[in-house]
Amino acid sequence: MVIWLLQACTSLHSIQGAKTIEPETWEVAMGASLQHNNSLSLSIGIPVPQMVVSTRYGWKPNIDVGAQLYLGGGTMDVRYQFAEMGDWYLAIAPTIGGLYTGVYGNVDVRLPLRAQTDLNERWSLTLGMTPMTQHTLIHLDPMQETLTNSLIGGTVRLERSGKRLRWGYTIDVLDSIGRSTPTSLNYGVDFSWIRQPKSTK
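Rules behind the numbers
- Residues numbered from 1 in each chain as written.
- Predicted model: local features only at pLDDT ≥ 70, side-chain atom pairs only at ≥ 80, totals over all residues.
- Heavy atoms only, no water.
- Core = buried A, V, L, I, M, F, W, Y, C linked by side-chain atoms within 4.5 Å.
- Buried < 20%, exposed > 50% of the residue type's maximum accessible area, 1.4 Å probe, protein only.
- Contact = heavy atoms within 4.5 Å.
- Salt bridge = Lys/Arg side-chain N within 4 Å of Asp/Glu carboxyl O.
- Helix = DSSP H or I, 4+ residues; strand = E, 2+ residues; numbered from the N terminus.

## What about the nonpolar core?
With five residues, the main nonpolar core is built from I15, A29, V52, Y70 and L99. Apart from the residues lying within four places of it in its own chain, the contact partners of A29 are I15, V52, V53, S54, F191 and S192.

Following this line, the structure appears as structure tokens:
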């Protein structure tokens, strides 16, 4: 069961919005989610869990970098907050990710586009779209096979911010382009802690 869990559960959980963190600031986050209609969920008929641990660093104004580890794999990304339009913050976050179990793995390239706005002093809303290309690798001697899929995803995220802690509630969807496969759904919750530079404490 463990190997099937690792094979099937590339994380879809979006745990960041569009706003980048301040330069020289660290952010650590943990999240848990239920994924529905991935290959494992379809085989057993119920949603399956996934967990993620993330760390981010504020590199420059409006640019931060991050890494995530989840069951079976991980991702790395660079987020660039490129514009403000009225009350909305806009960002793009090119991402590369992968998962490997010995006989099965995948590599995916994602290009999340996010828009975030403040609802009040505590709460914000993020809407996102994520084009993705995924290369699935299967190695069973003497067979080796590579499959390539194009996918499109969407995100709705509510976030509650405090001085150092932040809570997020997210729904992510992912659909395969040109294939009649069920739409994958992800329901997630996460929290993050921000460590500010010593000079700003």
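## Overview of the pattern of salt bridges
Counted by the stated rule, this structure contains nine salt bridges. The salt bridge partner of K19 is D118, with a shortest N-O separation of 2.7 Å. Highlighted residues: K19 in the loop between helix 1 (2-8) and strand 1 (26-36) and D118 in strand 8 (residues 113-118), separated in sequence by 99 residues. With a closest N to O distance of 3.0 Å, E159 and R157 form a salt bridge. Across the pair, exposure class does not vary: E159 and R157 are buried alike. Among the ionic contacts, a cluster of salt bridges with common partners joins E27, R157, E159, R166 and D190.

Keep in mind these numbers describe shape, not what the thing actually does.
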